[in-house]
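As a plain string of letters, each chain reads:
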Amino acid sequence: MSQNNLLKRVLSLTALLVASIQVQSASIDNQQWAVIDSYCTDCHNLEDFSGGFAFDLLAPDAIHEDAELWEEVVRKLRGGMMPPPGEPRPDKSALDSLVAGLELALDETAAANPNPGAPVLHRMNRAEYANAVRDLLDLSLDTSGLFPADDSSNGFDNVASVLGVSPALMQAWVNTAAKVSRLAIGDLTASAVITNYQPGAVSQSQHIEGLPLGTRGGARVEHIFPLDAEYEIAIRRGGGGIFFFPSVQTEEPIEISLDGERLAVIPVGESTSIRLSIPAGPHVIEAAFIHTQAQLGVDDLYTVQANTSGINALQITGPLNPTGPGDTPSRRKIFVCQPIAVTEQEGCARQILTNLASRAYRGPVGEEALETLMEFYNRGNELRGFETGVQYALARILVDPRFLYRFESEPKNLAPGEIYRLGDIELASRLSYFLWSSIPDDELLSLAEAGQLSEPNVLEQQVQRMLADKKSVALVDNFAAQWLGLRTLDALYPISPDYDNTLREAFKKETALLFESVLREDRSIVDLVDADYTFVNERLAEHYGIPYIRGSRFRRVPTPSDARRGLLGHGSILTLTSAPNRTSPVMRGKWILENILGSPPPAPPPGVETNLEETAGEGEAPTTMRQRLEQHRADPNCSGCHGMIDPIGFALENFDSVGKWRDSIGEQQVDTATILWDGTPISGPGALREAILDKRENFVITATEKLLTYALGRTVEHHDMPSIRQIVRNAEENNYKISDLVKGVVSSMPFQYRVKTGENTLEETLAGSP
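Calculation criteria
Residues numbered from 1 in each chain as written. Predicted model: local features only at pLDDT ≥ 70, side-chain atom pairs only at ≥ 80, totals over all residues. Heavy atoms only, no water. Helix = DSSP H or I, 4+ residues; strand = E, 2+ residues; numbered from the N terminus. Buried < 20%, exposed > 50% of the residue type's maximum accessible area, 1.4 Å probe, protein only. Contact = heavy atoms within 4.5 Å. Areas by Shrake-Rupley, 256 points an atom, 1.4 Å probe, with all protein chains shown as cover. Axes fitted to C-alpha atoms, helices over the stretch in contact; angles between N-to-C directions. Parallel < 35°, antiparallel > 145°, perpendicular 65-115°, else oblique. Nonpolar A, V, L, I, M, F, W, Y, C, P; charged D, E, K, R; others polar. Salt bridge = Lys/Arg side-chain N within 4 Å of Asp/Glu carboxyl O. Pairing = 2+ DSSP bridges. Left-handed = near helix turned anticlockwise from the far one by under 90°. Polar contact = N/O pair within 3.5 Å; in protein donor to acceptor, adjacent residues only side chain to side chain. Patch = residues over 30% accessible without salt bridge, like charges linked within 9 Å, V, L, I, M, F, W, Y side chains within 5 Å. Disulfide = S-S within 2.5 Å. pLDDT = per-residue confidence, 0-100. Phe/Tyr/Trp six-rings, centres within 6.5 Å; stacked < 30°, edge-to-face > 60°.

Novice: I'm lost on the overall build of the chain in this one. Help?
Specialist: Helix and strand content of the chain: 29 helices and 18 strands. In the chain, which comprises 770 residues, the share counted as buried stands at 51%. Contacts in the chain between residues at least 24 apart in sequence constitute 72% of all its contacts with a sequence separation of at least 6. Here the chain displays about 35,200 Å² of accessible surface, and carbon together with sulfur accounts for 51% of that area.

In structure tokens:
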């Protein structure tokens, strides 16, 4: 060990020793313990053992021995969930003092007993694989039809412990590697294939954002044309209604465009198939009806239905009569050299493969690994020449464990269970998969290989650079979409005349654009709850009652009312927390407790009836949902949890099951007046939002906990909570700007350190690979 490293180790051990001395005296004072004794021990004792927890077994001067239990106490106290509704409560100052004392003791305990955790061996999920291929080869890839769906844990599909490997996935890796390598290189032996695209279940009667102005309906797809060749583009059109009525007197010509340039206009009555010469590479194909004034027929209703006729599918067949591989972005990325003579081929191949492998494996490539790739190159070279050799070697890179898995090297001189700091190479991977869901770029790898990335100022600069990069949209698509549940909207089918798939897509985009605006403008994370602006197009504006918005383009507008501010007024959140045919105060309350306040309620006790669809007895008038829930809360087994959950949902009852504003339900006025679990009286969405903002630190802690879970790819444990609190405290000065939270996560102990496990080493894994 060098003298410098030895000094660092001594200083680290000294700091731990000091912390351990401090924690021996860490405790909560008598006054704080008296609060627990007065308000908590009547239920949480050895006799009643409420919630499986008894304070009789704990001591005020030994907080560190039961840190996991005390973290749960802090969570309940912070959220105001304890004491439960209806029970005596201490005043706010006493409660705040108790929480502060517990957190101080827990934080000192963590300093004395650091535990950054150790994620299990982490494979790439589908989104990460697609992004890695994009950044490695400049090749867009839709992996949804190539790989089985990834499992999720704690709301995220990048949690290593649930990312298993099946025979089907392994075969899919091999098949995809072959497909990608052929597409990237340009395989002249490729056969013609038929690719079908469907425009999705959106309205074909209106203009679709991204398609040419003056058109309606249609489809827009990005297709990778593998070679310079001819391709046949066929359009299938038909009625857009459920019964696919034929169009009457409303047929319109179809415009076909390539990369924004009109290629052809297909007149009414002519074949909807054309054959064109198209250069290799990614191109955007657009097909849409040229919008003309509809002519009314004998039956006006039938004519309106016919006007929804649209494009049901776009089919591309090719390559036909190929002339060459073309000059594609992928080929430019791969072929960093071109051999002139046969004698130059091996040297050039080594240069190409070293470049590809170092980026794919996210670090330097050893001679042994390079020789393995050269073996595959030689096989392809002998078969069909230099480019086929590179193609074979590229396919081998894409099935290598070093590409598919995120290995983190462990120091050999440490025993299992010891803590160590990640090397710069591993830190670069963690950082890039956190912010980009992809592999590190050249700048990040260069700093890592030079040992400079871990320097605090350099690391902060890289975080800023990466957040500003367009690839950070992965935080919107993968982090926010999963945290807020936007992906689940695709599986929901509300029974409402106001809802259709076009509205569903607008819901998702509105919420995604709000999060992206917070990210791009580096706003406070609290703006997600309190933003006085939103994003709408004509369809969504009509749903929200916002006038003077025309067209499919989304634009930023002030919220139409105080009730619509932030996420609680978004149709996406209000729909995914509703039943198909009605609102659900329970679902809405539970979602806010889990995702906004970080205080998830426990599951219902076994045997408790949870079906609230039953109405009153025979001969009585049906009760409202609120009355049924109030009756439900009368059961002592249900009152504790529902006393916290239901009032949140009641405050949102002005929004129907698809987020549309209503003042009455049938002939009854909507009643949103209620009392929250902590005794706060509220009425309506605006008052609920203000109550949440009064606990804004709880929301920031919840958001940071979600962010750390996503960044680490593992479940956040009790020993991570002190780091989360430190991140939040540091961000408070700048009003919790999202960049400060991200930087705090990146500089935290759980992100930069790990516990040695002695398992899943790179050498052991590669020993069994081909």
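There is more to say, and it comes next.
Novice: Just to check I follow, could you spell out the packing of helix 14 (residues 442-449) against helix 15 (residues 456-468) for this structure?
Specialist: Each pair of packed helices can be summarised by the angle the axes make with each other and by the distance between the axes. Two numbers describe how helix 14 lies on helix 15: the axes approach to 11 Å, and their chain directions differ by 170°. Relative to helix 15, helix 14 is oriented roughly antiparallel. Along its contact with helix 14, which presents Glu-443, Leu-444 and Leu-447, the element helix 15 presents Val-458, Gln-462, Arg-465 and Met-466. Broken down by class, the residue content of the contact of helix 14 with helix 15 amounts to 4 nonpolar, 1 polar and 2 charged.

Novice: I tried to follow unusual backbone geometry on my own but got confused; where do I start?
Specialist: Trans peptide bonds make up most of the peptide bonds, and negative phi angles are found at most residues other than glycine. Note that the residue after Gly-318, namely Pro-319, is joined by a cis bond; omega there is 5°. Not every positive phi belongs to a glycine, and Arg-362 is a case in point at roughly 65°. In this structure, Arg-362 sits in the loop between helix 9 (345-360) and helix 10 (367-384). Unlike most non-glycine residues, Asn-735 shows phi in positive territory, near 60°. In this structure, Asn-735 sits in the loop between helix 26 (721-732) and helix 27 (738-747).

Novice: How do you make sense of the pattern of salt bridges when you look at a structure like this?
Specialist: Any two side chains of opposite charge can pair, so long as their charged atoms come close to each other. Counted according to the given criterion, the structure contains 48 salt bridges. Here Arg-430 ties to Glu-408 by a salt bridge, and the two come within 2.7 Å at their closest N and O atoms. Of this pair, Arg-430 sits in helix 13 (residues 424-435) while Glu-408 sits in the loop between strand 10 (405-406) and strand 11 (419-421); the two residues are 22 residues apart in sequence, bridging distant segments of the chain. No difference in accessibility class separates Arg-430 from Glu-408, as the two residues are buried. Residues Glu-521 and Arg-523 are paired through a salt bridge, measuring 3.1 Å at the closest nitrogen-oxygen approach. Among the charged side chains, a salt-bridge network with shared partners connects Asp-530, Asp-562, Arg-565, Arg-689 and Glu-690.

Novice: Before we go on, may I ask you to explain the pairing of strand 3 (residues 215-225) in this structure?
Specialist: If a strand is regular, its side chains alternate between the two faces of the sheet. The buried fraction of strand 3 amounts to 9 of the 11 residues, a majority that puts the element mostly inside the structure. Both strand 3 and strand 8 (residues 281-290) contribute to a ladder of 9 bridges, which runs antiparallel. The residue bridging Ala-219 from the neighbouring strand is Ala-287, located in strand 8.

Novice: In this structure, what is going on with the environment of Thr-372? I would like to understand it.
Specialist: Counting through the fold element by element, Thr-372 comes out in helix 10. Between the C-alpha atoms of Thr-372 and Ile-397, which are 25 residues apart in sequence, the distance is 9.7 Å.

Novice: How do you make sense of the packing of helix 3 (residues 67-78) against helix 4 (residues 92-112) when you look at a structure like this?
Specialist: Interaxial distance between helix 3 and helix 4 falls to 10 Å at its minimum, and their mutual angle equals 150°. In terms of axis orientation, helix 3 runs roughly antiparallel to helix 4. Note that helix 3 runs across helix 4; the crossing there is left-handed. Contacts from Ala-67, Trp-70, Glu-71, Val-73, Val-74, Leu-77 and Arg-78 in helix 3 reach Leu-95, Leu-98, Val-99, Leu-102, Glu-103 and Leu-106 in helix 4.

Novice: Could you clarify how one ought to interpret the side chain of Thr-534 in this entry?
Specialist: Along the chain, Thr-534 falls in strand 12 (residues 533-536). A polar side-chain atom of Thr-534 sits 2.5 Å from a polar atom in the side chain of Glu-510. Residues in contact with Thr-534, not counting those within four places in the same chain, are Glu-510, Arg-555, Arg-556, Val-557, Thr-559 and His-570.

Novice: When you look at a nonpolar patch on the surface in this model, what are you seeing that I'm missing?
Specialist: Taken together, Leu-46, Phe-49 and Leu-57 make up a surface patch of nonpolar side chains, about 310 Å² in accessible area. Locating Leu-57 in the fold gives a position in the loop between helix 2 (30-39) and helix 3.

Novice: When you look at the side chain of Arg-216 in this model, what are you seeing that I'm missing?
Specialist: Along the chain, Arg-216 falls in strand 3. A polar atom in the side chain of Arg-216 sits 2.6 Å from the side chain of Glu-252.

Novice: Please explain the pairing of strand 13 (residues 555-558) as it appears in this structure.
Specialist: Alternating residues of strand 13 divide into Arg-555 and Val-557, all buried, and Arg-556 and Pro-558, none buried. In terms of strand pairing, strand 12 meets strand 13 through 4 bridges, oriented antiparallel. Across the sheet, residue Tyr-533 finds its bridge partner in strand 13, namely Pro-558.

Novice: For this particular structure, what's the right way to read the state of the cysteines?
Specialist: In a disulfide, the sulfur atoms of two cysteines are held together by a covalent bond. Summed over the entire model, instances satisfying the criterion amount to 1 disulfide. Between the sulfur atoms of Cys-337 and its disulfide partner Cys-348 the distance amounts to 2.0 Å. One quick way to see it: the torsion about the S-S bond of Cys-337 and Cys-348 is about 115°, and its sign makes the bridge right-handed. With Cys-337 in the loop between helix 8 (329-334) and helix 9 and Cys-348 in helix 9, the pair connects residues that are 11 residues apart, well separated along the chain. On the basis of relative accessibility, which here comes to 14%, the residue Cys-337 falls in the buried class.

Novice: Could you clarify how one ought to interpret the confidence of the model for the chain in this entry?
Specialist: Predicted coordinates in regions of low pLDDT should not be interpreted in detail. With 85% of its residues at a pLDDT of 70 or more, the chain has an overall mean of 86. Low confidence marks residues 240-250, where pLDDT is under 50. Its contacts with residues over four positions away, or in another chain, come to 24 contacts. Confidence drops under a pLDDT of 50 for residues 613-622, and excluding neighbours within four residues, the segment shows 7 contacts in the predicted structure.

Novice: Any chance you could explain the packing of aromatic side chains here in plain terms?
Specialist: Geometry of an aromatic ring pair is reported as the spacing of the ring centres plus the angle between the planes. Summed over the entire model, instances satisfying the criterion amount to 18 aromatic pairs. For the pair Phe-156 and Phe-479, a centre-to-centre distance of 5.8 Å together with 10° between the ring planes defines the contact as stacked. Residue Phe-156 is located in the loop between helix 5 (126-137) and helix 6 (167-185), and its partner Phe-479 is located in helix 16 (residues 474-483); the two are separated by 323 residues in the primary sequence. When sorted by exposure, Phe-156 lands in the same class as Phe-479, which is buried. A connected cluster of aromatic rings, assembled from ring pairs, spans Phe-156, Phe-434, Phe-479, Trp-483, Phe-515, Phe-699, Tyr-710 and Phe-751.

Novice: Help me understand the sheet that holds strand 6 (residues 261-266) in this model?
Specialist: In a beta sheet, neighbouring strands are held together by backbone hydrogen bonds and run either parallel or antiparallel to one another. Pairing in this open sheet of 4 strands is antiparallel, and the strands run 3-8-5-6 from one edge to the other. Strand pairing shows two members of the sheet lacking a second neighbour, strand 3 and strand 6, which therefore form its edges. For this sheet the average axis-to-axis angle between neighbouring strands, irrespective of direction, equals 20°.

Novice: Mind showing me how you'd approach the environment of Pro-267 here?
Specialist: Turning to its location among the elements, Pro-267 is positioned in the loop between strand 6 and strand 7 (273-278). Here Pro-267 falls in the partly exposed class, since its relative accessible area comes to 32%. Each C-alpha atom of the pair Pro-267 and Glu-252 lies 7.5 Å from the other, and the pair is 15 residues apart in sequence. Sequence-distant contacts of Pro-267, that is, excluding residues within four places in its chain, are made with Arg-237 and Pro-253.

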